[in-house]
Amino acid sequence: SCQYTQSGLVDASVLEADLVERVKSFAKRYPNSRTAQACKAVEGCTPDAIAEAIRSTCQQARRELLQEAMTGWSDASREWFMQQIEEAKKEKVETYTASAGNEVTSFISMTLLGISSVYVNHEEKLKKKFEEIGLIVDSVQESKAIMWKAPYRPEIASAEEIPVTVSFLRNAQAEKLWQGREDFAIDGRKFTAVHVSIVHDRSFKIRAKRGPWGKGGSLAELTHLLTLGGMTTAEIAAVYRYQLLRQSLAAVQLQPLAGMLVAGAPGQQVHKGLGQKGFIAVGANVIWRQREVEWIVSSSCPEANDTAFRAFRESEAMEGVHLTLFSEDPKIREALAVELTADRFVSRNKLKKASRMQKKAGGKDGKEIKIIIKSTAASGRFTRKEMEGLCNGGNTSIARVKRVLLEIANRLEINVEGIDMEEDLNTKSWNGSKLCILLGSTEDARRMMKELPFYLEGAATKLEAVGFDKEPDSEAAGQRGTSDAAQRQEESEGEWLEFTDLERITMEAASPSSQEDMQLVSELSAVIEDAASLNEAGTSEPIKLVLDKAVGNLHDTFYSPGSLEFMALGEWAKMPEEQGVGRNALKEKLGKWLQSKRWTRVQGESKKARRGSAFSPRATAAAELEQEAESDDIERRSLSLLFIALSKFAEMHVLACSLKVDKKDRLRVEMREDGEEEEDMEEEQGEGEEEDGASPYRA
């Protein structure tokens, strides 16, 4: 299913004749690609001309061309942007210290773009390569010193390079790499440093607009053409940033995501050892089932990010934002141009709701502030005529509806937190009943409530205010109770991040592949059921489980999959609870189960020893050592098996999950019968879609 895979690329520059042959080979191998179609239909668009355009485009990656990219900017704007670059390198820098004896050493962590996947499982070789250029990898925390951002599955998807997080000794070379003051390369291939974590409120994602008939892959194809010229991901990111700057878009940092969430056919596994869904490394030049890796534009602060995002949207509404090959011939530039669209860095509605739960404030009783748009039809569902009036035309797709509402908000300069839609449980898409616009402040909600009827006069709709009064009520505001404010303050101080799907955790857990793994998951499901039966309030009440410290990095990397750390079963079962948590039924039952596994093996092995050697002390001692090793092996198994069992338990009993985690890795799970409360309203169907087809990020 993978396309545009590299084969036999040279490490450095590519000879001109070789590059022409590679373009010819690419066009021949992929006759439906934009490159092949352009060679056939566009006058002057020959393999030689494309090769020359690739070579010219590669020159845009040079560091000294940064100022040239801003030639059309004003002096004030140029100065502001350079200041943003400096601040981005100073803010959110991942540093730490480690002590060995009396010496305290400082380290700096960064994600590197351009490191070859051949070093996966050969980290020692990679360390030596770093040492040759003066970069010293942390030897105190060896297991975490080099961490690939996504699992490597070459049998599923191609990834010539994988972003990798490395912790270096903070010496002069590491500072030069982080600041971007000097070029670094391994095996002749350049690499650069970016931030370890992608902070969602300082970033937004860009992707190619869908082509005719919903065809995708144009950005991956452009990326692949640049790899034909010997460019690494780091250099391609520099080229794309250069082109965005030329279009007056303040892109401080640009990088591709480490991979994507891939899914197999219904009822089938993607591969042995990888479950129904899994986050794996996919190259930025690869098309996987008509999907491409997303690219992320980051800024130094939320305000700068909002400025860049608005500028992108304004440009998109006019002439559009493009990436292309640089050529003197405008026909080649147009034929291979990739038109971009931008979205906030939240890929799923469940994550949007989790973000909103952190931001919510100012509404009555701490509720969300939203405006509900309803149909006036007797059925309660929007009619075709109403939808055409709402969308100003015949295109009434979900994506078009969202775009219309967001354009209205942009005109009013109102920040919309999200747009929710009622979901049909059978089709998993919008049921056509109502639209919910979620807002961040009461003032914005009141202003939008006042202006919306004017913009929606073509549609016979009615509006409902939820979580705020249409008109300010100063007397009511003055009488607001202090208990709710204290509760909101407590929630804010706790910094809990709420979500509703165990899949965010289980997608990074290795699926059980052996019969023994399946048996362990089955037994762990029984442990969970046993713990759930101890629910103090009775079975009709929600099942509450405490899984503190079970998963590491969940809060900090919630929006960047691929970085979770699971404890071992035995290690977590022995960990004492924090003061005030109380009894942990699940941990107690897990500990007893692990103890029973040890006891069962003791009984079995000791009986074998008796039968074989009439209570031979030597045989008995050997049996005890063997059973101890086996039981220890179970205790060392990853706690991810428990989360897989928890997912199966919820599925078997038709339970809806509600989870929350804080920065201290305290994880709480609540399960209740599905239907007791309103389920999360997802907008996966059509999210990010263009008007003419489905999204490239859906299987």
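Residues numbered from 1 in each chain as written. Predicted model: local features only at pLDDT ≥ 70, side-chain atom pairs only at ≥ 80, totals over all residues. Heavy atoms only, no water.

Novice: Would you mind going over the sheet that holds strand β25 (residues 667–673) in detail, with residue names and values included?
Specialist: Taken in spatial order, the four strands line up as β20-β24-β25-β21 in an open sheet, and their pairing is antiparallel. Strand pairing shows two members of the sheet lacking a second neighbour, β20 (497–499) and β21 (543–546), which therefore form its edges. Taken pair by pair, the neighbouring strands of this sheet meet at an average axis angle of 15°, ignoring direction. As defined by bridge partners, β20 adjoins strand β24 (residues 655–661) across three bridges and the pair is classed as antiparallel. In the sheet register, Leu497 faces β24, and the bridge partner there is Val661. Together, β21, β24 and β25 form the strand contacts of helix α24 (residues 640–652), whose direction differs from that of β25 by roughly 20°. (Pairing = 2+ DSSP bridges. Helix = DSSP H or I, 4+ residues; strand = E, 2+ residues; numbered from the N terminus. Axes fitted to C-alpha atoms, helices over the stretch in contact; angles between N-to-C directions. Contact = heavy atoms within 4.5 Å.)

Novice: Any chance you could break down helix α20 (residues 515–532) for me, citing the residues and the numbers?
Specialist: Between its first and last C-alpha atoms α20 spans 26 Å; for 18 residues at 1.5 Å apiece the expected length is 26 Å, and the two agree. Where α20 is concerned, the buried positions are Asp517, Leu520, Val521, Glu523, Leu524, Ser525, Val527, Ile528, Ala531 and Ala532. (Expected span 1.5 Å × (residues − 1). Buried < 20%, exposed > 50% of the residue type's maximum accessible area, 1.4 Å probe, protein only.)

Novice: Hey, could you go over the environment of Lys434 for me, with residue numbers and the actual values?
Specialist: Topologically, Lys434 is positioned in strand β18 (residues 430–439). The spatial distance from the C-alpha of Lys434 to the C-alpha of Ser375 is 7.0 Å, given a sequence separation of 59 residues. Those residues in contact with Lys434 that sit more than four places away from it in its chain are Ile372, Ile373, Lys374, Phe382, Asp420, Met421 and Glu422.

Novice: Please give an account of the state of the cysteines that cites residues and values.
Specialist: Applying the stated criterion across every chain, the model contains zero disulfides. Here Cys39 is not disulfide-linked; the sulfur of Cys45 is the nearest cysteine sulfur, at 4.9 Å. (Disulfide = S-S within 2.5 Å.)

Novice: Describe in detail the confidence of the model for the protein, supporting the description with residues and values.
Specialist: Here the protein averages 75 in pLDDT, and 73% of its residues register 70 or above. Confidence drops under pLDDT 50 across residues 1–13; counting only partners more than four residues distant or on other chains, this segment forms 47 contacts. In this model, residues 675–699 is a region of pLDDT below 50 whose contacts with residues beyond four sequence positions or in other chains number 69 contacts. (pLDDT = per-residue confidence, 0-100.)

Novice: Help me get a handle on helix α1 (residues 16–29), residues and values and all.
Specialist: In a regular helix each residue adds 1.5 Å, so 14 residues correspond to 20 Å; α1 covers 20 Å between its end C-alpha atoms and thus fits that length. Among the residues of α1, Leu19, Val20, Arg22, Val23, Phe26 and Ala27 are the ones counted as buried. Projected down its long axis, α1 carries its buried residues within an arc of 160°, all on one side. Residues of α1 that are exposed and angled more than 90 degrees away from the buried face: Ala17, Lys28 and Arg29. Against α2 (34–41), α3 (47–58) and α9 (218–228) lie the buried residues of α1. (Arc of directions from axis to C-beta.)

Novice: Lay out the packing of aromatic side chains in plain terms, naming residues and giving numbers.
Specialist: Working definition: an aromatic ring pair is given by the centre-to-centre distance plus the angle between the planes. Summed over the entire model, instances satisfying the criterion amount to nine aromatic pairs. Centroid distance Trp73 to Phe81: 5.4 Å. Interplanar angle 65°. Geometry classified as edge-to-face. The burial state of Trp73 is the same as that of Phe81; both residues are buried. Between Phe184 and Phe191, the ring centres sit 6.2 Å apart and the planes meet at 45°, which makes this aromatic pair tilted. Residue classification places Phe184 among the buried residues on the basis of a relative accessible area of 3%. One Lys or Arg, Lys660, reaches over the ring of Trp496 and ends 4.7 Å from the middle of that ring. (Phe/Tyr/Trp six-rings, centres within 6.5 Å; stacked < 30°, edge-to-face > 60°. Lys NZ or Arg CZ within 6 Å of the ring centre and 35° of its normal.)

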